[in-house]
Amino acid sequence: MIEDFGPFLPLSPAALHILLSLAGEDRHGYGIMQEVARQSEGQYKLGPGTLYDNLQKLVDQGIVHDVAHKPSAGDDPRRRYYRLTPLGRDVLGAEVTRLEGVIRQARQHLRQRRAT
Amino acid sequence: MTRLLYQWLLWLHPPRFRREFSGEMLWIFDNSAASEGPVRLLFDAVVSLGRQWLLRSGCWKIAAALAGGLMQVALGGLAVQMIGYRRVSLHSAATPITATVDDLVRITVFLLPAVILSVVLLALWIRGFTHKRMHGVR
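Thresholds applied
Each chain has its residues counted from 1, following the order in which its sequence is written. Labels follow written order: the first chain is A, the first ligand is 1, and so on. Side-chain atom pairs in this predicted model are given and counted only at pLDDT of 80 or more, local residue features only at pLDDT of at least 70, and totals for whole chains, interfaces and linings cover all residues. Just so you know, side-chain values use all the structure's heavy atoms and leave hydrogens and water out. Numbering of helices and strands runs from the N terminus; a helix is a DSSP stretch of H or I covering at least four residues, while a strand is a stretch of E covering at least two. Buried means the residue's accessible area, taken with a 1.4 Å probe over protein chains only, is under 20% of the maximum for its type, while exposed means over 50%, and partly exposed covers the values in between. Contacts: residue pairs with any heavy atoms within 4.5 Å of one another. Shrake-Rupley sampling with a 1.4 Å probe provides the accessible areas, and residues are treated as covered by the protein chains on show and by no other component. Here's the idea: put two parts together, see how much 1.4 Å probe accessible area each one loses, and the total over both is what we call buried area. Whenever Lys or Arg places a side-chain nitrogen within 4 Å of a carboxyl oxygen from Asp or Glu, that contact is recorded as a salt bridge. Between N or O atoms, a polar contact is any pair within 3.5 Å; within protein, one atom must be a potential hydrogen donor and the other a potential acceptor, and residues adjacent in sequence are included only when both atoms are from side chains. Patch construction takes residues with relative accessible area above 30% that form no salt bridge. Like charges are linked within 9 Å, and nonpolar side chains (Val, Leu, Ile, Met, Phe, Trp, Tyr) are linked within 5 Å. By definition, two strands form a pair when at least two bridges between them are found by DSSP. Note on aromatic pairs: the rings of Phe, Tyr and Trp (six-membered ring only in Trp) are paired at centre separations within 6.5 Å, and the planes decide the class, stacked below 30 degrees, edge-to-face beyond 60, tilted for the rest. Per residue, pLDDT captures the predictor's confidence, and it can take any value from 0 to 100. Remark: nonpolar core denotes a set of buried residues (Ala, Val, Leu, Ile, Met, Phe, Trp, Tyr, Cys) joined through side-chain atoms within 4.5 Å.

> Would you take a moment to explain the overall build of chain B for this structure?
Looking only at helices and strands, chain B features five helices and zero strands. Out of the 138 residues in chain B, the part that is buried amounts to 25%. Here the contacts in chain B between residues at least 6 apart in sequence split such that 62% fall between residues at least 24 apart. By element, 74% of the accessible surface of chain B is carried by carbon and sulfur atoms, the whole surface being about 9,400 Å².

See below:
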C-alpha cells in the first residue's frame, strides 16, 4: 500500500535540514544546529528560535520525538535528545524522492534550453 | 547582561513553548554566545517571540479581529464626517450640524452588510489558514 505523505510535503528548508541531521543519529538541539551548519557547509544556519519552533511542529505531527538519553559525565540535564520516528523517516524519504523529481525536471529543461 | 536579556526574552514566550524549550535555548545561548555572537542570538529570540505569539499561539486572530473592528469604526467615523461635510456645503455656516436619528440609521444600514461580510470573510480566511497550518509543515 502506498502511503500519502501529501499533507506533510513539501517540507520547509528548516524542517528538511532538521530531519536530515536526525537521519543518522539522535541529537540534542545544539547538535542539530551544528550538524545543519556542517551539512550545508555553513551556508544555512539555524537559530535556536527557528530550530525549536520547527521541532515543536515536527513533534506535534509525530515526525520526531524526544528520547530519554542515558546521561554521561558532563552532560547538562537541560539537554534533550530528538529522534526520527518511522513516520518521520518515511516523510523524509518521500521528500527526497520529490526533490529528485524536481532536479530531474530542472536538468531536462536546462538541457533542452541549451540544445535550442 | 546579554544572558539576562536573553533569559527575559525567553520568559516572555508563550507558556507551553517556554516550558518545553527555554531551558535548552538558554543552554545553547551559554554554549554558543561566544562563537555565534550574542546579538545574533538575541535577534533570533526577538523574532521567535513574535512568531510564537502572533502565529502559533492564535493571538493573531485577536489582533486581526481588533484591526477589523478599528477599521470599521474608522470607516463609520469617516462616513459621519462626510455627511457633516456635505451639510456644511449645502447649508449656511450658521446652521448647527448634528447627526439626526435618520443619519444614524443610514450609517447603520450602510455599515451592517460590510461588518457581516468582513466577519464572514475573516472567519473563512482563519479557517483556511488554520487548516493549512494543521496539515503541513511549512
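From this point on, the discussion continues.
> Explanation requested: the interface of chain A and chain B in the structure shown.
Frequently, the measure chosen for interface size is the accessible area that the parts lose on association. Across the boundary between the two partners, chain A contributes 31 residues, which contact 30 residues of chain B. Approximately 2,500 Å² of surface area, both sides summed, lies buried where chain A meets chain B, with 51% of it carried by carbon and sulfur atoms. Three residues, Tyr30(A), Tyr52(A) and Arg78(A), lead the burial of chain A against chain B; their summed loss comes to 27% of the area buried on that side. Linking chain A with chain B are five salt bridges. Asp60(A) is paired through a salt bridge with Arg16(B); the nearest N and O atoms lie 2.9 Å apart. At the boundary of chain A and chain B, one finds nine residue pairs in polar contact (both at pLDDT 80 or more). Going through the elements one at a time, helix 2 (29-39) and helix 3 (48-60) of chain A are the ones with two or more residues in the side of chain A that touches chain B.

> Just checking my understanding: could you explain a nonpolar patch on the surface for this structure?
Taken together, the side chains of Leu112(B), Ile116(B), Leu117(B), Val120(B), Leu121(B) and Leu124(B) define a hydrophobic patch exposed on the protein surface, amounting to about 580 Å² of accessible area. As for its placement among the helices and strands, Leu112(B) is situated in helix 5 (residues 101-134).

> Please clarify how the environment of Asp4(A) should be interpreted in this entry.
When you line up the elements, Asp4(A) lands in the segment before helix 1 (13-24). Asp4(A) sits 87 residues away from Val91(A) along the chain, and the two C-alpha atoms are 9.4 Å apart.

> Help me understand the sheet that holds strand 2 (residues 64-67) of chain A, please; the structure alone is not making it clear to me.
Residue and element names in this part refer to chain A. Spatially, the three strands line up as an open sheet ordered 1-3-2, and their pairing is antiparallel. Looking at the sheet topology across the chains shown, the edges are occupied by strand 1 (27-28) and strand 2. Examined bridge by bridge, strand 1 and strand 3 (residues 81-84) share two bridges and lie antiparallel to one another. Residue His 28 lies in a different strand from strand 3, and its bridge partner there is Tyr 81.

> What am I meant to see in the packing of aromatic side chains here?
Aromatic rings considered in pairs are described by the distance between their centres and by the relative angle of their planes. Enumeration according to the criterion identifies four aromatic pairs over all chains in this entry. Centre to centre, the rings of Tyr30(A) and Trp27(B) are 5.8 Å apart; their planes meet at 85°, and the pair counts as edge-to-face. Of this pair, Tyr30(A) sits in helix 2 while Trp27(B) sits in helix 2 (residues 15-36), which puts the two residues in different chains. Judged by relative accessible area, Trp27(B) falls into the buried class, the value being 8%.

> Explanation requested: the confidence of the model for chain A in the structure shown.
Keep in mind that low pLDDT regions are not for reading the predicted coordinates in detail. Across chain A, the average pLDDT comes to 89, with 92% of residues at or above 70. For chain A, per-element mean pLDDT is lowest for strand 2 of chain A, which scores 91, and highest for helix 1 of chain A, which scores 95.

> Is there a simple way to explain the nonpolar core in this structure?
The nonpolar side chains of a soluble globular protein tend to be buried, and buried together. Ranked by internal contacts, the top residues of the largest apolar core, which has 41 residues, are Leu51(A), Tyr52(A), Val64(A) and Tyr6(B). Among the secondary structure elements, those contributing two or more residues to this core are helix 1, helix 2, helix 3, strand 3 and helix 4 (86-115) of chain A together with helix 1 (2-11), helix 2 and helix 3 (38-56) of chain B. No other element matches the eight residues that helix 2 of chain B contributes to this core. Here Val64(A) is in contact with Leu19(A), Leu22(A), Leu55(A), Leu58(A), Val59(A), Tyr82(A), Arg83(A), Leu84(A) and Thr85(A), once residues within four sequence places are set aside.

> Can you help me understand the confidence of the model for chain B in this one?
Residues and elements named next belong to chain B. Mean pLDDT over chain B: 78, with 77% of residues reaching 70 or higher. The least confident element of chain B, judged by mean pLDDT, is helix 4 (residues 59-90) at 71; the most confident is helix 1 at 93. For this predicted complex, the interface confidence reaches an ipTM of 0.79, while the overall pTM sits at 0.69.

> What am I meant to see in the pattern of salt bridges here?
Charged atoms that come close allow side chains of opposite charge to pair. Overall, the coordinates contain 13 salt bridges over all chains when judged by the stated rule. With a shortest N-O distance of 3.6 Å, Arg27(A) and Glu25(A) are connected by a salt bridge. Note that Arg80(A) is salt-bridged to Glu20(B), the shortest N-O span being 3.9 Å. With Arg80(A) in the loop between strand 2 and strand 3 and Glu20(B) in helix 2, this pair bridges two chains. For Arg80(A), a relative accessible area of 22% translates into the label partly exposed. Put simply, Glu25(A), Arg27(A), Glu35(A) and Arg38(A) are held in one network by salt bridges that share partners.

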